[in-house]
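# Understanding the architecture of this molecule
Next come the chains, spelled out residue by residue.
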Amino acid sequence: MRMVLLGAPGSGKGTQGEKLAAELAVPRISTGDALRAAVRSDTTLGRQARAAMEAGDLVADELVVGIVEERLAQADAAAGFILDGFPRNVAQARILDEMLARRGMPPLDTALHLDVPDEEIVKRLLARAGDQGRSDDREEVIRCRIRVYNAETRPLLAYYQMQRKLISVPGVGAVEDVFRFALMALRLSECGFA
Ligand code: AP5
């Protein structure tokens, strides 16, 4: 399974991505996790990405494309992967399509969208700010991340709809229920029912 996870900040991409990766036995590749690790280690990449991340903006395409290209070259991604947080705009989606073709890998199977209302997102991320202290989980930055999502990332729903790869599931309710529903939707689409 070659899948991208789409959804607003806090929609549960990381939570569901981990569960789906375990269930489907493919690696989850998160550009956000990779960027946060680079910021923590104060690498060149981290220094280039830090300001945009703290403001809730997107990091430059060439930086995240480099992360994905390097990760997809690893052996464990050959049989499938779940991309969490990439692509984030139409330019990245086109680059991903081209990258897979250039590497001789099959095209994406699915874009799974977790649909969560904005106010639930703000509630979740403010709750996480208290627990984990992620620097972009401050209310004004959360609101900026939602604006950036709507302007830059939401158009990907139409992009993948046009490719007949979009599956949209409700991302609210218990984590386990969202997971079961997503898995069922994926299985149905594999059988040509979605
Ligand atoms: P990234 O790390 O991708 O962050 P994000 O999209 O803002 O998403 P989050 O990690 O906040 O949320 P999530 O959807 O993964 O939800 P989660 O499972 O964590 O990116 C961070 C930054 O990096 C970006 O702003 C950008 O600057 C940069 N970046 C990354 N990729 C990029 C790219 N491709 N191009 C350019 N820049 C890029 O859940 C959130 C919370 O909700 C958790 O506390 C969780 O426990 C809780 N939760 C999950 N599910 C439920 C549920 N069903 N009910 C209640 N609570 C739930």
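Heads up: these notes are all about the structure in this document. Keep in mind the model is a prediction, meaning the values are calculated, not measured.

### Details of the sheet that holds strand 3 (residues 81–84)
Think of a sheet as strands paired side by side through backbone hydrogen bonds, with each pair either parallel or antiparallel. With parallel pairing, the five strands of this open sheet are ordered in space as 2-3-1-4-5. The open sheet has two free edges, formed respectively by strand 2 (28–30) and strand 5 (166–170), since each of these has just one partner strand. The average undirected angle you get between the axes of adjacent strands in this sheet is 25°. In this fold helix 2 (residues 31–41) packs onto strand 2 and strand 3, with an angle of close to 55° to the strand it touches most, strand 2.

### Focus on unusual backbone geometry
With an omega of 0°, the peptide bond between F86 and P87 qualifies as cis. With a phi close to 55°, A25 is a non-glycine residue in the positive phi region. Position of A25 relative to the elements: it lies in the loop between helix 1 (13–24) and strand 2. Accessibility expressed as a relative area gives 67% for A25, which makes it exposed. Phi angles above zero are rare outside glycine, and R164 is one such case at about 60°. Along the chain, R164 turns up in the loop between helix 8 (155–162) and strand 5.

### Quick look at the packing of helix 2 against helix 4 (residues 61–72)
As a packed pair, helix 2 and helix 4 sit with axes 10 Å apart at the nearest point and diverge in direction by 105°. Taken together, helix 2 and helix 4 sit at an angle that is classed as roughly perpendicular. Listed contacts from helix 4 to T31, A34 and L35 of helix 2 are V64, I67 and V68.

### Quick notes on the pairing of strand 3
Here strand 3 shows two buried faces, one formed by F81 and L83 and the other by I82 and D84. Here three bridges tie strand 2 to strand 3, and the two strands are oriented parallel to one another. Paired with R28 across the bridge in strand 3 is I82.

### Quick look at the pattern of salt bridges
Applying the stated criterion across every chain, the model contains 22 salt bridges. Across the salt bridge formed by R36 and D33, the nearest N and O atoms sit 2.9 Å from each other. Note that R36 and D33 are positioned in helix 2 at a spacing of three residues, about one turn of the helix. E190 is paired through a salt bridge with R187; the nearest N and O atoms lie 3.9 Å apart. Taken as a pair, E190 and R187 lie in helix 9 (residues 175–190) at a separation of three residues, close to a single helical turn. One salt-bridge network, in which partners are shared between bridges, spans E18, R28, D33, R36 and D84.

### Focus: the site of the ligand
Around the ligand sit 30 residues in total, of which T15, T31, D57, R128 and R145 are the nearest. Taking R88, its side chain carries an N or O atom lying 2.8 Å from an oxygen atom of the ligand. In the model, an oxygen atom of the ligand is placed 2.7 Å from a nitrogen or oxygen of the R128 side chain. Here the ligand has 1,000 Å² of accessible area as a free molecule, and 86% of this is covered by the chains. Listing elements by their share of the shell around the ligand, those giving two or more residues are helix 1, helix 2 and helix 6 (118–132). The element best represented in the shell around the ligand is helix 2, accounting for four residues.

Conventions used here
- Residues numbered from 1 in each chain as written.
- Predicted model: local features only at pLDDT ≥ 70, side-chain atom pairs only at ≥ 80, totals over all residues.
- Heavy atoms only, no water.
- Pairing = 2+ DSSP bridges.
- Helix = DSSP H or I, 4+ residues; strand = E, 2+ residues; numbered from the N terminus.
- Axes fitted to C-alpha atoms, helices over the stretch in contact; angles between N-to-C directions.
- Contact = heavy atoms within 4.5 Å.
- Buried < 20%, exposed > 50% of the residue type's maximum accessible area, 1.4 Å probe, protein only.
- Parallel < 35°, antiparallel > 145°, perpendicular 65-115°, else oblique.
- Salt bridge = Lys/Arg side-chain N within 4 Å of Asp/Glu carboxyl O.
- Near = heavy atom within 4 Å.
- Polar contact = N/O pair within 3.5 Å; in protein donor to acceptor, adjacent residues only side chain to side chain.
- Areas by Shrake-Rupley, 256 points an atom, 1.4 Å probe, with all protein chains shown as cover.

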